[in-house]
Amino acid sequence: MARQGAGAMLASGGLGFPPQNLARVVVWEWLNEHGRWRPYSAAVCHHIENVLKEDARGSVVLGQVDVQLAPYVIDLQSMHQFRQDTGTMRPVRRNFYDPSSAPGKGIVWEWENDNNSWTPYDMDICITIQNAYEKQHPWLDLSSLGFCYLIYFSSMSQMNRQTQRKRRLRRRMDLAYPLTMGSIPKSQSWPVGTSTGMPCSCPQCLLVNSTRAASNAILASQRRKLYPGAVRQSSTFAGTTLWPTGTAAVMGGTAKGEGLQVPGGAFAPGQSVPGGMPLPGLNNLNRPGTQRAAGLGARATVPPGVPALPVKNLNGTGPVHPALAGMTGILMCAAGLPVCLTRAPKPILHPPPVSKSDIKPVPGVNGICRKTKKKHLKKSKAPEDVVRRYIQKVKNPPDEDCTICMERLVTSSGYEGVLSHRGIKPELVGKLGKCGHMYHLLCLLAMYNNGNKDGSLQCPTCKAIYGEKTGTQPPGKMEFHLIPHSLPGYSDSKTIRIVYDIPTGIQGPEHPNPGKKFTARGFPRHCYLPDNEKGRKVLKLLIVAWDRRLIFTIGTSNTTGESDTVVWNEIHHKTEFGSNLTGHGYPDPNYLDNVLAELLAQGVSEANLKD
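Here is a short report on the structure shown in this document. (Residues numbered from 1 in each chain as written. Predicted model: local features only at pLDDT ≥ 70, side-chain atom pairs only at ≥ 80, totals over all residues. Heavy atoms only, no water.)

This part is about the overall build of the chain. Counting its secondary structure elements, the chain contains 10 helices and 29 strands. Here the chain holds 611 residues, and the buried ones make up 47% of them. Pairs at least 24 apart in sequence give 63% of the contacts found in the chain among residues at least 6 apart. For the chain, the accessible surface area stands at approximately 30000 Å², while carbon and sulfur atoms represent 52% of it. (Helix = DSSP H or I, 4+ residues; strand = E, 2+ residues; numbered from the N terminus. Buried < 20%, exposed > 50% of the residue type's maximum accessible area, 1.4 Å probe, protein only. Contact = heavy atoms within 4.5 Å. Areas by Shrake-Rupley, 256 points an atom, 1.4 Å probe, with all protein chains shown as cover.)

Okay, here's the thing in structure tokens:
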């Protein structure tokens, strides 16, 4: 059985952080009434992380990103979710997983509940299922995780071992969860030194310690004005230089000066000034309990020669995170130093305006538009004819399991009595021509009838495709052309822009709810490729995938929670033109190779391109 993906846990009441200098995927989770940690969607986690960067002790309004979560607010200081209409409070936590696991790839596994809607599995179960799926295991037993369920990948079903009840499950692609890395997370506001009492010497700790010292210096100056003679000299900061002479980077340049000397009067965290004026304490929420206790009695220390704050790097390209740089910049401004503050970077979704005369056809690609009007299927063939086309009968099958029904191949199919077709007996066994995997013919027939019925078969074990696989994409239009702008990482190339447009409509017989209206949010959708040899190859294959109705499908949006709406269908696209803040932009040197692999998994390869 596939092994469970490991996630770094954190205690309720504190923000976790990944191991030293390792990239980790962040998943926020809440504790339900059954004691299980349930993951928020990737879109909600991105929203929480964005708020966390701005204020690690603030609150997060979940309804701003998911309308179904409108009553809920997360308090980052107490690490609890609060429901405003009922007053219910639940603990939340910030968990970390390997970037190669399911949340890092944007893969979601869900089961169909009694309301005929889809519920995501707990994250550890999702990762375990994905690991087994990638290793091409025919089934998975979840008993080791405390659940009496069996997962069958061939029929995409979940069976309760006690009641034998089966439910459908599905695997879908969605937004990847946010990524964080570094020795200290972006939410970690006040790092702590080692157990020896010496402060950490990493650049971020030096910056934060200098910020703390500057804050105390400013407060001490204000107290001297209010309470002359009341401030005692502190040996901690006596004569210490926060910024070496002439190195304060201001407005993108260098300001000469004597360097800011910290006057006496620095107080330990939690001390009060004379007259009862409290000093701002540390954000102890982010620490383990032992560190919080130690931090209350520790004096703020800073080693000599702390480097200047690179204020010019507020755009996020420098070693200092914009949130820390902005906080320090405000304190520098209060100390009388000129500082230029800028906003945190936002995604650049679209290129600069392009006139019609500058839009050109893509070299080597015929036309500029493709339309789909109705279901592209050939004259329907009898299901048994399709199955017979791709298999060879096996007279003496081996004594092993059929991975569709889980019965032995030497016995009758598990679908005996459930499904019957003239000429196909339940004990007949066939071998697929290319890959050689063997199944009951009746099981293959049941699998085909449960799919798109497009004349193709896909081996449930190795995913080899027989025939031409088509999807359930609703009618729409795909446009593609060249614009005179370059993508990050491809400065020598122009850009291919793809525009998908799908209107709302009525679901057909191949969709989840035939006859019911479906919505199409966010259209037209703009996507981008570099105009080079590989980028044009990807475009040609995307056109093939569009014609086969494989780009989109109808399902449930994990961003909004809306069901019966148009969603992406496991072929990733880049929708961010000038940045890569969401993971859906450039630079991404592996994207073209990755999307070629995704297209191949859908049966779309260079062999499908006409000269």
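On we go from here.
Here the focus is the pairing of strand E5 (residues 72-75). In this structure, strand E4 (residues 59-61) lies alongside E5, joined through 3 bridges in antiparallel fashion. Bridging across to E5, Val-60 finds its partner in Ile-74. Examined bridge by bridge, E5 and strand E6 (residues 80-83) share 4 bridges and lie antiparallel to one another. In the sheet register, Asp-75 faces E6, and the bridge partner there is His-80. The hairpin formed by E5 and E6 contains 4 residues between the paired strands, and Met-79 there has a positive phi angle of roughly 55 degrees. (Pairing = 2+ DSSP bridges.)

Per the stated rule, a full pass over the model turns up 25 salt bridges. Linking Asp-114 and Arg-167 is a salt bridge whose minimum nitrogen-to-oxygen distance equals 3.0 Å. Here the residue Asp-114 occupies a position in the loop between strand E8 (107-112) and strand E9 (118-120), and Arg-167 occupies one in strand E13 (residues 166-173), the gap between them amounting to 53 residues. By relative accessible area, Asp-114 is classed as exposed at 54%. One salt bridge connects Arg-172 with Asp-174, and the closest N-O pair in it is separated by 3.3 Å. Each of the two residues, Arg-172 as well as Asp-174, counts as buried. (Salt bridge = Lys/Arg side-chain N within 4 Å of Asp/Glu carboxyl O.)

A separate point is the environment of Thr-504. Mapped onto the elements of the fold, Thr-504 is located in the loop between strand E24 (495-501) and strand E25 (505-506). Note: C-alpha distance between Thr-504 and Val-566 (62 residues apart in sequence) is 8.6 Å. Apart from residues lying up to four places away in sequence, Thr-504 is in contact with Lys-517, Phe-518, Thr-519 and Ala-520.

Glancing now at the sheet that holds strand E20 (residues 438-440). Taking strand neighbours across the sheet as the criterion, the 3 strands line up as E18-E19-E20 in an open arrangement whose pairing is antiparallel. For this open sheet the edge positions go to strand E18 (391-394) and E20, each flanked by a neighbour on one side alone. Between one strand and the next, the sheet's axes are offset by a mean angle of 40 degrees, whatever the strand orientation. By the bridge criterion, 4 bridges tie E18 to strand E19 (residues 429-432) in an arrangement that is antiparallel. Considered in E19, the bridge of Lys-393 is made with Gly-430. Packing of helix H7 (residues 383-390) onto the sheet brings it into contact with E18 and E19, and relative to E18 it is tilted by some 80 degrees. Sitting on the sheet, helix H8 (residues 441-449) touches E18, E19 and E20, and the angle it makes with E20 is about 85 degrees. (Axes fitted to C-alpha atoms, helices over the stretch in contact; angles between N-to-C directions.)

On to the environment of Ile-551, then. Tracing the backbone through its elements, the reader meets Ile-551 in the loop between helix H9 (533-547) and strand E28 (552-555). Put simply, Ile-551 and Asn-569 are 18 residues apart on the chain and 5.5 Å apart in space, counted from C-alpha to C-alpha. Not counting residues within four places of it along the chain, the set of residues in contact with Ile-551 comprises Gln-473, Tyr-500, Leu-542, Ala-545, Trp-546, Val-567, Trp-568, Asn-569, Ile-571 and His-573.

The next point concerns the packing of H7 against H8. Contact geometry of H7 with H8 gives a least axis separation of 9 Å together with a crossing angle of 120 degrees. By the angle between their axes, H7 is oblique relative to H8. For the element pair H7 and H8, the recorded crossing hand is right-handed. In this structure, H7 uses Pro-383, Glu-384, Val-386 and Val-387 to contact H8, whose residues at the interface are Leu-441, Leu-444, Leu-445, Tyr-448 and Asn-449. Residues of the contact of H7 with H8, tallied by class, amount to 7 nonpolar, 1 polar and 1 charged. (Parallel < 35°, antiparallel > 145°, perpendicular 65-115°, else oblique. Left-handed = near helix turned anticlockwise from the far one by under 90°. Nonpolar A, V, L, I, M, F, W, Y, C, P; charged D, E, K, R; others polar.)

Once that is clear, we can look at the state of the cysteines. Counted according to the given criterion, the structure contains 0 disulfides. The structure places no disulfide on Cys-443, whose sulfur is separated from the nearest cysteine sulfur, that of Cys-405, by 3.5 Å. Left without a disulfide partner, Cys-462 is nearest to the cysteine sulfur of Cys-459, which lies 3.6 Å away. (Disulfide = S-S within 2.5 Å.)

This paragraph deals with the packing of aromatic side chains. By the definition in use, this model includes 12 aromatic pairs. Between Trp-109 and Phe-153, the aromatic rings sit 5.8 Å apart at their centres with planes inclined by 70 degrees, giving edge-to-face as the arrangement. Here the residue Trp-109 occupies a position in strand E8, and Phe-153 occupies one in the loop between strand E11 (149-152) and strand E12 (157-160), the gap between them amounting to 44 residues. Chaining the aromatic ring pairs together yields one cluster made of Tyr-500, Phe-523, Trp-546, Phe-552 and Trp-568. Here the guanidinium or amino end of Lys-434 rests over the ring plane of Tyr-466, the centre of that ring lying 4.8 Å away. Over the ring of Phe-523 we find Arg-525; its NZ or CZ atom is 4.3 Å from the centre of that ring. (Phe/Tyr/Trp six-rings, centres within 6.5 Å; stacked < 30°, edge-to-face > 60°. Lys NZ or Arg CZ within 6 Å of the ring centre and 35° of its normal.)

Here we take up the side chain of Ser-157. Note on placement: Ser-157 falls in strand E12. Classification of Ser-157 by relative accessible area gives buried; the value is 6%. At 2.8 Å, the side chain of Ser-157 forms a polar contact with the side chain of Ser-155. (Polar contact = N/O pair within 3.5 Å; in protein donor to acceptor, adjacent residues only side chain to side chain.)

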